[in-house]
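Report on the structure
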Amino acid sequence: MIGKVSSFLGLAMLSGLVFLPAAKGQRTMEYLDRGVYAINEGNGQVFVSWRLFENEDNSVGFNLYRVTNGDTTRLNQKPLMEGTDFTDNTSDTSAVNTYFVRTVKGGIEKSTDGSFALKPHQPVYLSIVLKTPKGYTPNDASVGDLDGDGQYEIILHQTGRGHDNSQDGITDPPIFQAYKLDGTLLWEINLGKNIREGAHYTQFMVYDLDGDGKAEVVMKTADGTIDGKGNVIGDATKDYRNSRGRILEGPEYLTVFDGQTGKAVSTVPYIPPRGDIGGWGGIGGNKGNDHYGNRADRFLACIAYLDGKHPSVVMCRGYYGRSVLAAWDFKDKKLVSRWVFDSHDGKNPFSGQGYHNLSVADVDHDGKDEIIYGSMCVDDNGNGLYTTGLRHGDAVHVSHFDPDNKDQLVWGIHELENGAQGLGAALFNARTGKILWYDNVDQDVGRGLAADIDPRFKGYELWGGSGGLKDIKGQVISKRSPRSTNFRIWWDGDLLSELLDGTHIDKWNWKDSSQQRLFDARNFNCVSNNGTKSNPVLAADLLGDWREEVIYRTMDNKELRIFSTGIPTSHRLYTLMHNPQYRMGIAWQNVGYNQPAYTDYYLGEGMTAPPKPDIRIIKSSH
């Protein structure tokens, strides 16, 4: 078992790998500053962490400084060479303490890159005070650098009265707001009465699509949508809601909004249109169909590097039967169609294979992304790569779960409702679709998870349904699996994953097959989202080192609170947000039934040094 990631350089050289400066990056990705973040842990103790960049290796050290009342103090005696964190036991937390780091290379100290001012008696979370509309609740969020300053902004979906696709009823217009981390409200977009509110309707993508160093926001729109500047898209007088509260008529659009202002930049007809409302059923789910808009209005979305260099936005419709994925590029401030994948009807083998979520990964090692659309995979060129035929599911997880396998794997959790027969859970090869093993035959498995939680077994552990906890080869480790099947999160100081469910984070105790509570945001007046789905507003590597932060709303809906770990670690990894697959996962986390993001390399106990990502950082000129 390998100890510290900080010792990977020597290990990699022994295994034949040599870490050289990366060649010219292919994928354009956002610039991030050092992400310095400080947590007041009480009793004069402050935990500080910061980002390691994707092009930095173990020869880079750091000096950490604190500025208090104009006096600057270096806190470390010699450059910090292991984990990118430090515990300051000498601070006066009744004063403003500003922390910053400087890199040290070859004994030479470089310039400052980012700082964080810890206010007196600041709580152990970062607070964002919201302007929540009356009757609305903060729900899913995404992040992007909207103004090009190297720091993330939060794009928040505010939800009023909503309905699932299976339910009739009028909904409130979906509202989106953009906030800086200091609480500044940048803009508000109201999608209007002709966009229905619900988890399967209002997917939104946030990403720098044109490579100018500033993120855009992409959403399905309609007549009456109001952008961040107060401009109306289409005809504001139109109301297409029928007597059942459904919207089955009228034009549908796809709009790119400027991330800094919320202004609509490019609007095109949505692909595909509804067409025959009864043409979206098929073999997925319970093999049924409907003519009232349930299956026709199931939407998903993602960002993918389909050419290996530039991000495209992919908007999707349907998964119980007919499935259509439409890829768009954003060029010269205009949306341009790249390709359209269409399974056409329920008889097509690629029909009925979609889940309530999706994943994006380069499964065939060609440097271009594929879209794992549940039980099928669409290639970077818009052609179907394979289908397992396992049909519809609730949760899909994709990563390098097995360090001994060159390919990524897919852990699929299948919804077999109404007595449908099939595999309740299956592990298959992400490149070929070959099923490696399966579990829970003819059982409807609503939840399942993949995470490295037991150091005794190589690779990730998998669970879901009644099959118990299994190793990557499908062997039962324990008949008692974790109660939590929601999110995995990297939180404490080791390389194992922790379990995130509702408002709490637990550690799996593999010695006695139990969960031990590490953190609970209920102690800070926070609640989770989406009923029984019990997910946070967002879980992502937003600040500090490579461990993940988690965002919750407060019970009164007036505030977002960002929580970060205060546990030291000696493991050194570059920021997860510069791993393309993980970054794509954060972009699609808000889609459908929220799921956690994964890296494209094996991140767990016994890992070797992750390869440097082949990316090119784009820095905005503001």
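Here the structure is a predicted model, which is why all the values come from computation and not from measurement. (Residues numbered from 1 in each chain as written. Predicted model: local features only at pLDDT ≥ 70, side-chain atom pairs only at ≥ 80, totals over all residues. Heavy atoms only, no water.)

1. Concerning the packing of aromatic side chains
For any pair of aromatic rings, the description rests on two quantities: the centre-to-centre distance and the angle between the ring planes. In the structure shown here, the tally under the stated rule is 21 aromatic pairs. A centroid spacing of 4.9 Å and a plane angle of 65 degrees characterise the contact between Phe176 and Phe204, whose relative ring orientation is edge-to-face. In this pair, Phe176 sits in strand β12 (residues 175–179) while Phe204 sits in strand β14 (residues 204–207), placing the two residues 28 residues apart along the sequence. Accessibility classification places Phe176 together with Phe204 in one group, the buried group. (Phe/Tyr/Trp six-rings, centres within 6.5 Å; stacked < 30°, edge-to-face > 60°. Helix = DSSP H or I, 4+ residues; strand = E, 2+ residues; numbered from the N terminus. Buried < 20%, exposed > 50% of the residue type's maximum accessible area, 1.4 Å probe, protein only.)

2. Quick word on empty space enclosed by the protein
Going through the model one piece at a time under the given rule, you end up with three cavities of 30 Å³ or more. Volume-wise, the second largest cavity comes out at about 100 Å³. As for the second largest cavity, its lining consists of Asn194, Ile195, Arg196, Tyr201, Lys220, Ile247, Glu252, Arg274, Asp297 and Phe299. Class assignment of the residues belonging to the lining of the second largest cavity gives a composition of four nonpolar, one polar and five charged. (1 Å grid on protein atoms, 1.4 Å probe; cavity = no way out; pocket = protein on both sides within 12 Å on 5 of 7 lines; lining within 4 Å. Points joined across faces, edges and corners; volume = space filled by probe spheres on them. Nonpolar A, V, L, I, M, F, W, Y, C, P; charged D, E, K, R; others polar.)

3. Re the pairing of strand β27 (residues 384–387)
Of the strand pairs in this sheet, strand β26 (residues 376–378) and β27 are connected by three bridges, and their pairing is antiparallel. The residue of β27 that forms the bridge with Val378 is Gly384. The hairpin turn running from β26 into β27, its antiparallel successor, is five residues long, and Gly382 in that turn takes a positive phi close to 90 degrees. (Pairing = 2+ DSSP bridges.)

4. Comments concerning unusual backbone geometry
Between Ile271 and Pro272 the backbone carries a cis peptide bond, its omega angle lying at 0 degrees. If you trace the backbone, Pro272 turns up in the loop between β19 (264–269) and β20 (299–304). Residue Lys333 is not a glycine yet carries a positive backbone phi of 65 degrees. Summarising the element assignment, Lys333 is placed in the loop between β22 (324–331) and β23 (334–342). A positive phi is found at Asn440, a non-glycine position, where the angle reads about 55 degrees. With respect to the element layout, Asn440 can be found in strand β31 (residues 435–441).

5. Things to note about a nonpolar patch on the surface
On the surface, Ile435, Tyr438 and Val441 cluster together into a nonpolar patch covering about 270 Å² of accessible area. Assignment of secondary structure puts Val441 in strand β31. (Patch = residues over 30% accessible without salt bridge, like charges linked within 9 Å, V, L, I, M, F, W, Y side chains within 5 Å. Areas by Shrake-Rupley, 256 points an atom, 1.4 Å probe, with all protein chains shown as cover. Salt bridge = Lys/Arg side-chain N within 4 Å of Asp/Glu carboxyl O.)

6. Some points on helix α2 (residues 580–588)
Across the nine residues of α2, nine count as buried, placing the element largely inside the fold. Within α2, burial applies to Pro580, Gln581, Tyr582, Arg583, Met584, Gly585, Ile586, Ala587 and Trp588.

7. Some details on the sheet that holds β27
To summarise the sheet geometry, strands pair through backbone hydrogen bonds and adopt either a parallel or an antiparallel arrangement. An order of β24-β25-β26-β27 is seen for the four strands of this open sheet, with the pairing classed as antiparallel. Of all strands in the sheet, those with a lone pairing partner are β24 (359–361) and β27, marking the two edges. Adjacent strand axes in the sheet meet at a mean angle of 20 degrees when their direction is disregarded. (Axes fitted to C-alpha atoms, helices over the stretch in contact; angles between N-to-C directions.)

8. Let's talk about the pattern of salt bridges
Where charged atoms from two side chains of opposite charge come close, those side chains can pair. Counted under the stated rule, the structure contains 38 salt bridges. A salt bridge links Glu56 to Arg34; its shortest N-O distance comes to 2.9 Å. Placement of Glu56 in the loop between β3 (45–49) and β4 (61–68) and of Arg34 in the loop between β1 (27–30) and β2 (37–42) is noted, with a sequence separation of 22 residues between them. The salt bridge partner of Asp342 is Arg322, with a shortest N-O separation of 2.8 Å. Here Asp342 is found in strand β23, whereas its partner Arg322 is found in the loop between β21 (312–317) and β22, with 20 residues between them in sequence. A relative accessible area of 16% means that Arg322 is categorised as buried.

9. Considerations on the UniProt feature "domain: Rhamnogalacturonan I lyase beta-sheet" (unreviewed entry) in the protein
The residues that UniProt annotates with the feature "domain: Rhamnogalacturonan I lyase beta-sheet" (unreviewed entry) are residues 27–112. For the annotated span residues 27–112, helix accounts for 0% and strand for 52% of the residues, and the straight-line distance between the end C-alpha atoms is 27 Å. (UniProt positions renumbered as here; feature names shortened; annotations may be inferred.)

10. Concerning the side chain of Asn63
Tracing the sequence through the fold places Asn63 in strand β4. With sequence-adjacent residues up to four places away left out, Asn63 is seen in contact with Arg74, Asn76, Lys78, Pro79, Phe100, Val101, Arg102, Val104 and Glu109. (Contact = heavy atoms within 4.5 Å.)

11. Observations concerning the layout of surface pockets
With a probe scaled to a water molecule rolled over the atoms, the places where space remains empty come into view. Counted as a void, the largest pocket has a volume near 780 Å³. In this structure, the largest pocket is lined by 35 residues; those nearest its centre are His400, Asn579, Asp600, Tyr601 and Pro611. Split into classes, the residues belonging to the lining of the largest pocket amount to 14 nonpolar, 12 polar and nine charged. Put simply, the second largest pocket is a space of about 620 Å³. Taken together, 28 residues form the lining of the second largest pocket, with Phe116, Ala117, Leu126, Leu181 and Asp182 sitting closest to its centre.

12. Structural notes on the UniProt feature "domain: Rhamnogalacturonan lyase family 11 C-terminal" (unreviewed entry) in the protein
The feature "domain: Rhamnogalacturonan lyase family 11 C-terminal" (unreviewed entry), as annotated in UniProt, sits at residues 135–613 in this numbering. Annotated as residues 135–613, this span is 2% helix and 36% strand, and its ends, taken at the C-alpha atoms, are 44 Å apart.

13. Observations concerning the nonpolar core
Within the largest apolar cluster, 74 residues are counted, with the highest numbers of intra-cluster contacts made by Trp50, Tyr99, Ile154, Trp411 and Leu603. Setting aside residues up to four positions removed in sequence, Ile154 forms contacts with Ile128, Ala141, Ser142, Val143, Gln177, Ala178, Tyr179, Leu181, Ile551, Leu560 and Ile562. By size, the runner-up hydrophobic cluster in this structure holds 44 residues, among which are Leu254, Tyr270, Tyr319 and Tyr373. (Core = buried A, V, L, I, M, F, W, Y, C linked by side-chain atoms within 4.5 Å.)

14. Comments concerning the environment of Gln421
Considering the arrangement of structural elements, one finds Gln421 in the loop between β29 (409–414) and β30 (423–429). Setting aside anything within four residues of it in sequence, one finds Gln421 in contact with Arg391, Leu416 and Asp442.

15. Remarks on the confidence of the model for the protein
For the protein, the mean per-residue pLDDT works out to 93, and 96% of the residues sit at or above 70. Confidence drops under a pLDDT of 50 for residues 1–24, and excluding neighbours within four residues, the segment shows 39 contacts in the predicted structure. (pLDDT = per-residue confidence, 0-100.)

16. Regarding the environment of Ile303
Topologically, Ile303 is positioned in strand β20. Looking at Ile303, the relative accessible area reads 1%, which means it is buried. C-alpha separation for the pair Ile303 and Trp328, spaced 25 residues apart in sequence, amounts to 9.6 Å.

17. Description of the sheet that holds strand β7 (residues 97–105)
With antiparallel pairing, the four strands of this open sheet are ordered in space as β5-β4-β7-β8. Edge strands, defined here as strands with exactly one partner in the open sheet, are β5 (71–74) and β8 (108–118). Ignoring strand direction, the axes of neighbouring strands in this sheet form an average angle of 25 degrees.

18. Description of the side chain of Asp145
With respect to the secondary-structure elements, Asp145 resides in the loop between β10 (137–144) and β11 (153–159). Here Asp145 occupies a buried position and makes no salt bridge, while the nearest side chain of opposite charge, Lys180, is found at 6.4 Å. From its side chain, Asp145 meets the backbone nitrogen of Gly148 in a polar contact 2.9 Å long. Ignoring anything within four residues of it in the chain, the contact list for Asp145 reads Glu30, Tyr31, Gly150, Gln151, Tyr152, Glu153, Gly213, Lys214 and Ala215. (Lys, Arg positive; Asp, Glu negative; His and termini not counted. Polar contact = N/O pair within 3.5 Å; in protein donor to acceptor, adjacent residues only side chain to side chain.)

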